[in-house]
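Chains, contacts and geometry: an overview
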Amino acid sequence: MLKILFDILFPRKCVGCGKVGSYFCPSCVRDIKQTDLVCPRCEKPSIGGQTHPICKRRFGLDGLWSLGVYQDPLRSAIGQLKYKGIKELAEILTDITIEYWAKYQPFVLDKIKKDRGVGWVVIPVPMHWLRANKRGFNQSNLIGQNLSKKLGLAYSESLKRIRYTKSQTKLKEKQRRQNIKDAFEISIPYTLDSKPSVLLIDDVWTTGSTLKECCWVLKRAGAKQVWALTLAR
Ligand SMILES: [Zn+2]
Ligand SMILES: [Zn+2]
C-alpha cells in the first residue's frame, strides 16, 4: 500500500528519455554505446580487455572491462545514482552489466566461471568516510554487492582509503597520480590468501589512476590477478 502511494507520488522516470514507468527504459538501455575493449596500460584495443603480454607489470592490472562509453544515457544514470541517491539504479546497472557481459564479451566471465568463482573476490574502490558520510553510501559498494550476489562471488570491503584526496575530476593525469598516491591500504589481508583473484569495481575509468593505485596495493598484499570493472570509460 505504502509502496503504491510512493509510486504515485514519486513516479520512476527513465534517466534517458524521462518516460514514466522505470528508471531505465529498454530502449534507452539499448542506446548505451559499447566501449572498445582496451588494455588498461596502453589503452589500445585488446581481446576481451586483457592487458597485452608486453604491457604486463608485476603490480599492474591484468585487464579492464567497461560497460559503455561515458555519455548519455549511461552518464546520466551514473549521475542520478551518485548525486540524486537513486540506489535502485545500482541494481539496474549491475543487471545490464551482467547481461552485456554474457552477450558480447564473455572473456572475464568465462575466466570466473572456469574456476567456478573459487578464488575470486569482488572489491569496490573505497570512498573516504568523510565523502561517504556526506553521500550516505558508496555507489561502488552497491554495484559490487549486487554483482557478487548475482555471480555467486565473495565480496569484501577490505580496501580502505586512509587519506582524504581532492576530487580527481578537474586534475590532469599526472596530478591525478600524485593526488591518489598512498591513499589506500588493505585492512583485512587474509581475504587475499583464500581469494587471490580480484574484481575491482569503480563507476568510471578516466585515466585509471585510482584503479591502478588500488591494484598496486592489492598485489603488494598478495593478489595474484586483478581485473578492473567499471560502468563507463
Ligand atoms: Zn528511456
Ligand atoms: Zn597494452
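Right, let's walk through the structure included here.

**Topic: the layout of surface pockets**
In this approach the atoms are scanned with a rolling probe the size of a water molecule, which exposes any empty space left behind. A volume near 780 Å³ is recorded for the largest pocket. Lining of the largest pocket is provided by 31 residues; of these, Lys 82, Ser 167, Gln 168, Thr 169 and Asp 203 occupy positions nearest its centre. Counting residues per element, the ones that place at least two in the lining of the largest pocket are helix H3 (74-83), helix H6 (129-135), helix H7 (139-151), helix H8 (173-180), strand S6 (197-204) and helix H10 (209-220). Along the lines of polarity and charge, the residues of the lining of the largest pocket split into nine nonpolar, 13 polar and nine charged. Taken as a whole, the second largest pocket encloses approximately 430 Å³ of empty space. Lining the second largest pocket are 18 residues, and of these Arg 41, Phe 59, Gly 60, Lys 212 and Glu 213 lie nearest its centre. At five residues, the largest contribution of residues to the lining of the second largest pocket is made by H10. Looking at the lining of the second largest pocket residue by residue, the classes come out as seven nonpolar, three polar and eight charged.

**Things to note about the packing of aromatic side chains**
The final tally for this structure, using the stated rule, is two aromatic pairs. Between Phe 59 and Trp 216, the ring centres sit 6.4 Å apart and the planes meet at 75°, which makes this aromatic pair edge-to-face. Here Phe 59, found in the loop between helix H2 (26-30) and strand S1 (63-68), pairs with Trp 216, found in helix H10; they are 157 residues apart in sequence, far enough to count as distant. According to the relative accessible area criterion, Phe 59 is partly exposed, its value standing at 22%. Relative accessible area serves as the criterion here: at 31%, Trp 216 is assigned to the partly exposed category. In this structure, Arg 75 is placed above the aromatic ring of Tyr 70, and the distance from its NZ or CZ to the ring centre is 5.8 Å.

So, how was this worked out
Residues numbered from 1 in each chain as written. Chains lettered and ligands numbered in written order. Predicted model: local features only at pLDDT ≥ 70, side-chain atom pairs only at ≥ 80, totals over all residues. Heavy atoms only, no water. 1 Å grid on protein atoms, 1.4 Å probe; cavity = no way out; pocket = protein on both sides within 12 Å on 5 of 7 lines; lining within 4 Å. Points joined across faces, edges and corners; volume = space filled by probe spheres on them. Helix = DSSP H or I, 4+ residues; strand = E, 2+ residues; numbered from the N terminus. Nonpolar A, V, L, I, M, F, W, Y, C, P; charged D, E, K, R; others polar. Phe/Tyr/Trp six-rings, centres within 6.5 Å; stacked < 30°, edge-to-face > 60°. Buried < 20%, exposed > 50% of the residue type's maximum accessible area, 1.4 Å probe, protein only. Lys NZ or Arg CZ within 6 Å of the ring centre and 35° of its normal.

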